[in-house]
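Architecture and fold: a report
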Amino acid sequence: MLTHLLVVLVISAASCLQSSFVFKHHDNSEVVKELTRIHHECLSITRLYDLNHTSVRGQPLVVIEFSGNPGVHEPLEPEFKYVANMHGDETLGRELLLKLADELCYSFRAGDPETARLIDTTRIHIMPSMNPDGWDAATKAKFDVSSYLTYFTQLTQSTGRENAHGVDLNRDFPDLQRKMHLMLRRSKDSAIHHLFDGDTGRAIQPETQALIEWITSIPFVLSANFHGGALVANYPFDDTNDGSRRQYTPSPDEAVFQQLARVYADNHPQMHLGVSCGFVSDNFTSTGGITNGAAWYKVTGGMQDFNYLASNSLDLTIEVGCEKYPPASELAEEWENNKSPLMEFMWRVHQGIKGFVINALTREPINEAEISVLSGSEGYDLKLPDRAVTTTKLGEFWRILPPGNFTLRVTAAGYETRIIKVRIPEFDKQRGAAREDITLQPKSATGSPKPGVVPTDFSQ
Ligand SMILES: *[C@@H]1O[C@H](CO)[C@@H](O)[C@H](O)[C@H]1NC(C)=O
Ligand SMILES: *[C@@H]1O[C@H](CO)[C@@H](O)[C@H](O)[C@H]1NC(C)=O
Ligand SMILES: *[C@@H]1O[C@H](CO)[C@@H](O)[C@H](O)[C@H]1NC(C)=O
Ligand SMILES: [Zn+2]
């Protein structure tokens, strides 16, 4: 009798918590309404904010943040972001991210320990739409079948892909790869990181500007942006070195990018099979549903490469389905397909190594120290100069690495360079990133040995 009563109580408690989320295509005001509802239901772990620029038509670029301490960057807590719908007609990612926000809130309130742990240890930023104007245009074209003209327009072009000025936002970012090549031609030892100096060199769109300021103002560690029209996890570089239309163009982080792409593809019931959507060269069977961006087709001025070369973040481009604008009746099933990939990918922000870089004498944190990989097992032998990560104002660094043994170089202006060896174990959610605090000796004014000498067997 008592157990009976308990069962009834548990069931009614759970139904109180039932989410009111409905699978449908949410218009821009409904997206804000849903995020506001989620925020109110999970006040202690969420914050809503807008980026500093609106879309061309004045719509806000809305972000919901999940964190144990919303609005605050906590020391050594990694920052993560998901962005969808930068192409306004690619709508599945937008609905997936909205549902993800609902799911995080719901699972947290239901007491799911894994969700609680993720939110407690991570600062997660979710932006369902980077191109709300494009979404409006795409939706109008899709459902306005009042004339044949509209019908044929629909068949021949993707209305709403661009922003309201007709610009493809994923071609509008500063081309930092070009800058990287110029630097490397000048000196093979150039430090490759944070290549954006604030000068875009041309007028860029407000949506792009908003994202640039966001990407460069928060120390993101890992991120992904969502597209449609294919089913594949795409990783840098998107741009080719020589301007050719297609050519495998690995980044120094090739090994870990492949691994991260597999986390998404392998957790998805179809993506890892490499299903073709019937377009030219989109058969990813042999690679298990992942691809180097430029090996598929070249994208210059994309957001993924910008993240990689302008910030510490590793960014991937996830194509979540053949149909860019699927019927609403398919959204629930697509959520089931993508739920585990979305969750498992977020967890990987805790893979690798993190710590503080500190002044050995004063114990003060060192800002803008560079941590680069000199050598490592498993694919870190590309003969490319590394893309270093740099420390924050608090002296923190995060470096996502695959399992293996690595030799790192830690440098900072005014300090002796250090070479350290680290061992990265298999990823484990409970353990998270390996912690390694690194002290650097200030260079003494006189009589010090030649600074920054790297043993020759480590040079590349
Ligand atoms: C918005 O602007 C403020 C003030 O300049 C700045 O502190 C903040 O980092 C900016 N936020 C974003 C998301 O760009
Ligand atoms: C895709 O490529 C694989 C080989 O990698 C091949 O066996 C398969 O038939 C191809 N599928 C399509 C639809 O072309
Ligand atoms: C890393 O080094 C340890 C010894 O320090 C060794 O046992 C292990 O096999 C190495 N791992 C790899 C992947 O090389
Ligand atoms: Zn796209």
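Residues numbered from 1 in each chain as written. Chains lettered and ligands numbered in written order. Predicted model: local features only at pLDDT ≥ 70, side-chain atom pairs only at ≥ 80, totals over all residues. Heavy atoms only, no water.

The name that an unreviewed UniProt entry assigns to the chain is Carboxypeptidase E-like, with the source organism given as Galendromus occidentalis. UniProt, in the comment section headed Cofactor (unreviewed entry), describes the chain in these words: "Zn(2+)". (UniProt positions renumbered as here; feature names shortened; annotations may be inferred.)

A large share of strand β8 (residues 314-321) lies buried, amounting to eight of its eight residues. Note: strand β5 (residues 220-227) against β8, six bridges, orientation parallel. Considered in β8, the bridge of His-227 is made with Glu-319. (Buried < 20%, exposed > 50% of the residue type's maximum accessible area, 1.4 Å probe, protein only. Helix = DSSP H or I, 4+ residues; strand = E, 2+ residues; numbered from the N terminus. Pairing = 2+ DSSP bridges.)

Neighbouring ligand 2 are the residues Asn-283, Thr-285 and Ser-286. Asn-283 is positioned such that a nitrogen or oxygen atom in its side chain is 2.4 Å from an oxygen atom of ligand 2. Within the complex, the protein chains bury 29% of what would otherwise be the 360 Å² of accessible surface of ligand 2. (Near = heavy atom within 4 Å. Polar contact = N/O pair within 3.5 Å; in protein donor to acceptor, adjacent residues only side chain to side chain. Areas by Shrake-Rupley, 256 points an atom, 1.4 Å probe, with all protein chains shown as cover.)

What follows deals with unusual backbone geometry. Glycine aside, a negative phi is what most residues show, and trans is what most peptide bonds show. Backbone torsion omega between Pro-236 and Phe-237 reads -5 degrees, so that peptide bond is classified as cis. The backbone phi angle of Asn-85 is positive, close to 60 degrees, even though this residue is not glycine. Looking at the secondary structure, you find Asn-85 in the loop between β3 (79-84) and α3 (92-109). Phi at Arg-363 is positive, roughly 65 degrees, even though this residue is not glycine. Inspection of the secondary structure puts Arg-363 in the loop between β9 (353-359) and β10 (370-376). Judged by relative accessible area, Arg-363 falls into the exposed class, the value being 54%.

Moving on: the coordination of the zinc ion (ligand 4). Ideal coordination angles are 109.5 degrees for a metal with four donors arranged tetrahedrally and 90 or 180 degrees for a metal with six donors arranged octahedrally. Coordination sphere of the zinc ion (ligand 4), protein contribution only: His-87 (ND1), Glu-90 (OE), Glu-90 (OE) and His-227 (ND1), at 2.0 to 2.7 Å. Its relative accessible area of 4% is what places His-227 among the buried residues. (Donors = N, O, S within 2.8 Å, 3.2 Å for Na, K, Ca; no water.)

Okay, the packing of helix α9 (residues 254-267) against helix α12 (residues 331-347) next. How two helices sit against one another is set out by the angle between their axes and by the gap between those axes. Packing of α9 against α12 brings their axes to within 7 Å, and their N-to-C directions diverge by 155 degrees. Judged by the angle between their axes, α9 and α12 are roughly antiparallel. In this structure, α9 meets α12 at a crossing whose hand is right-handed. Of the residues in α12, those in contact with Leu-260, Val-263, Tyr-264 and Asn-267 of α9 are Asn-337, Asn-338, Ser-340, Pro-341, Leu-342, Glu-344 and Phe-345. (Axes fitted to C-alpha atoms, helices over the stretch in contact; angles between N-to-C directions. Parallel < 35°, antiparallel > 145°, perpendicular 65-115°, else oblique. Left-handed = near helix turned anticlockwise from the far one by under 90°. Contact = heavy atoms within 4.5 Å.)

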